[in-house]
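Architecture at a glance
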Amino acid sequence: MTSTLSGGRFAAELRLWRNRRRLSQLELATAAGTTQRHLSFLEQGRSRPGPAMVVRLAEALRLSLRERNALLHVAGFAPVYPESGLGAAALGPVRHALDTILHGHLPYPAVVVRPYGELVAANPAFDVLTAGADESLLVPPVNVVRLALHPRGMAPRVANLADWGRHITGGLRDLLRRSPDPALAAFLAELDGYLPDASPGPEYLGFAVPLRLRVAAGELRLITTLTSFATAVDVTLSELRLEAFLPADEATAESLRRRYADGPDPAPPAATRDTG
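In what follows, the accompanying structure is described. (Residues numbered from 1 in each chain as written. Predicted model: local features only at pLDDT ≥ 70, side-chain atom pairs only at ≥ 80, totals over all residues. Heavy atoms only, no water.)

1. A closer look at the overall build of the protein
Keep this limit in mind: A run of DSSP states H or I qualifies as a helix once it reaches four residues; a run of E qualifies as a strand once it reaches two. Both are numbered from the N-terminal end. Remark: exposure states derive from per-residue accessible area (1.4 Å probe, protein chains only) relative to the maximum for the residue type, with buried under 20%, exposed over 50%, and partly exposed in between. In these tables, accessible area is a Shrake-Rupley quantity obtained with a 1.4 Å probe, and a residue counts as shielded only by the protein chains included in the view.
On a plain count of helices and strands, the protein comes out with 12 helices and 5 strands. Burial status across the protein gives 43% buried among its 276 residues. As presented, the protein carries roughly 14,200 Å² of accessible surface, and 57% of it is formed by carbon and sulfur atoms.

2. Digging into the pattern of salt bridges
Spelled out, the test is: Basic side-chain nitrogens of Lys or Arg form a salt bridge, by our definition, when they fall within 4 Å of a carboxyl oxygen of Asp or Glu.
Taken as a whole, this structure holds 15 salt bridges when the rule is applied. Its salt-bridge partner being aspartate 134, residue arginine 152 comes within 3.7 Å of it at the nearest N-O pair. With a gap of 18 residues between them, arginine 152 in the loop between α8 (144-149) and α9 (161-178) and aspartate 134 in the loop between α7 (127-130) and α8 connect regions that are remote in the sequence. Taking the relative accessible area as the measure of exposure, aspartate 134 reaches 29% and is therefore partly exposed.

3. Quick word on helix α12 (residues 250-262)
The criterion, for reference: Multiplying 1.5 Å by the helix residue count minus one yields the expected span of that helix. Starting at the helix axis, one direction is taken to each C-beta atom, and the arc is that of these directions. By definition in these notes, contact holds between two residues if any of their heavy atoms fall within 4.5 Å.
Taking 1.5 Å as the rise per residue, α12 with 13 residues should run 18 Å; its terminal C-alpha atoms sit 18 Å apart, in good agreement. Burial in α12 covers these residues: Thr252, Ala253, Ser255 and Leu256. For α12, the buried positions fall inside an angular range of 165° around the axis, keeping them on one side. Exposed side chains of α12 directed beyond 90 degrees from the buried face belong to Glu250, Ala251, Ala261 and Asp262. At its buried positions, α12 is contacted by α7, β4 (218-228) and β5 (241-247).

4. Some words on helix α2 (residues 25-32)
Turning to α2, its buried residues number three or more, namely Gln25, Leu28, Ala29 and Ala32. The arc that holds the buried residues of α2, viewed along the axis, is 100°, so those residues lie on one side. Of the exposed residues in α2, the ones pointing more than 90 degrees away from its buried face are Thr30 and Ala31.

5. Examining the pairing of strand β3 (residues 211-215)
Just so we agree on the cut-off: At least two bridges found by DSSP between two strands is the condition for calling them paired.
As judged from the 5 bridges shared by β3 and β4, these two strands associate in the antiparallel manner. Directly across from arginine 214, in β4, lies its bridge partner glutamate 219. Taking the residues between adjacent antiparallel strands as the criterion, β3 and β4 are bridged by 2 residues.

6. With respect to unusual backbone geometry
Of note, the bond from leucine 106 into proline 107 is cis; its omega dihedral lies within 30 degrees of zero at 15°. Relative to the helices and strands, proline 107 is located in the loop between α6 (92-104) and β1 (110-113). Following proline 140, the chain continues to proline 141 via a peptide bond in cis, the omega torsion being 0°. Secondary-structure assignment places proline 141 in the loop between α7 and α8. For tyrosine 116, which is not glycine, the phi dihedral falls at a positive 70°.

7. Focus on the side chain of asparagine 69
Our working definition: By the criterion applied in these results, polar contacts are pairs of N or O atoms within 3.5 Å in which, for protein atoms, one can donate a hydrogen and the other can accept it, and in which residues neighboring in sequence qualify only through two side-chain atoms.
Inspection of the secondary structure puts asparagine 69 in helix α5 (residues 65-74). Relative accessible area serves as the criterion here: at 12%, asparagine 69 is assigned to the buried category. Side-chain polar atoms of asparagine 69 contact the backbone oxygen of tyrosine 81, separated by 2.9 Å.

8. So, the pairing of strand β2 (residues 119-122)
Sheet topology places β1 next to β2; 3 bridges connect them, and they run antiparallel. Paired with valine 112 across the two strands is alanine 121, which belongs to β2. Taking the residues that link successive antiparallel strands as the turn, the β1-β2 hairpin has 5 residues, and the phi of tyrosine 116 there is positive, at about 70°.

9. A look at the sheet that holds β5
Definition in use: Axis definition: a line fit to C-alpha positions, over the contact stretch in the case of helices; interaxial angles, taken between N-to-C directions, run 0 to 180 degrees.
Pairing is antiparallel in the open sheet, where 5 strands are placed in the order β2-β1-β5-β4-β3. Two strands in the sheet have a free side with no partner beyond their single neighbour: β2 and β3. Here the average twist between neighbouring strands, direction ignored, is 30°. When β4 meets β5, the two strands line up antiparallel, connected through 7 bridges. Counterpart to serine 228 in the pairing with β5 is arginine 241. Across the sheet, α6 lies against β1, β2 and β5, angled at about 150° from β1, the strand it touches most. Contacts between α12 and the sheet are confined to β4 and β5, with β4 contributing the most and set at about 90° to the helix.

10. Some remarks on the layout of surface pockets
Definition in use: With a 1 Å grid laid over protein atoms only, a set of points is called a cavity when a 1.4 Å probe fits there but cannot get out and a pocket when it is open yet has protein on both sides within 12 Å along at least five of seven lines; lining residues have an atom within 4 Å of a point. Grid points are joined across faces, edges and corners, and a volume is the space filled by probe spheres set on the points.
Approximately 1,600 Å³ is the volume found for the largest pocket. Lining the largest pocket are 50 residues, and of these Pro115, Tyr116, Leu175, Arg178 and Arg241 lie nearest its centre. Those elements that place two or more of their residues in the lining of the largest pocket are α1 (2-20), α5, β1, α8, α9, β4 and β5. Among the elements that take part in the lining of the largest pocket, α9 stands out by supplying 8 residues, more than any other.

Shown next as structure tokens:
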């Protein structure tokens, strides 16, 4: 009975993920190194996979490590990818590397975030983004996406809020399409409520929208880079993202360098905190 139930749950999940990825049975079978006939039997619950086959199918479906563990679970197997707390000794070298990168990015802002924007760590230059924000938005766990778009956060200082905000929510919407999650859908609905109507001009490039941030010295133009741990085998590590803000012009670079030089010499950021 247990075997039949887990086989049925796995079959349903496998069909669901294949349809989400818009793959035919032949395309998925080829990518996973199996036959269309075998995949058909798996989707009908007529055959049960071994753990190696589940992992191969999950890789072919481009599932996250968390989603791979979940697929293994419904197939009746234990997770194969560990999930460590950020304070775990095994992640010590990673924490040190992240802190070094954050400090090395000065005088420009940089943060490390978890999925959906939960702040893990930031360098001292991050305060150029948080200046003037309501204290309630800065109470841990801070969500940097909410902070960016909230009317009591960065939003009043963002000159191109409509375009830049939709650039941010567009990325989250793509993620929602790839991996549906009710919590993310609700978060997106909240964020959409903060944004003004957009009327993109002819120069608008949705994939490359700089942040135009008003500061006392004028306006900063910042572009962002995202770095992830592509070969991570730990769930926690695989979900971390390093977001670094870079000057889009020399005036911004000079303004941030001057701001950093005029302030106290900041120490390296505190070790990344463990929020779970």
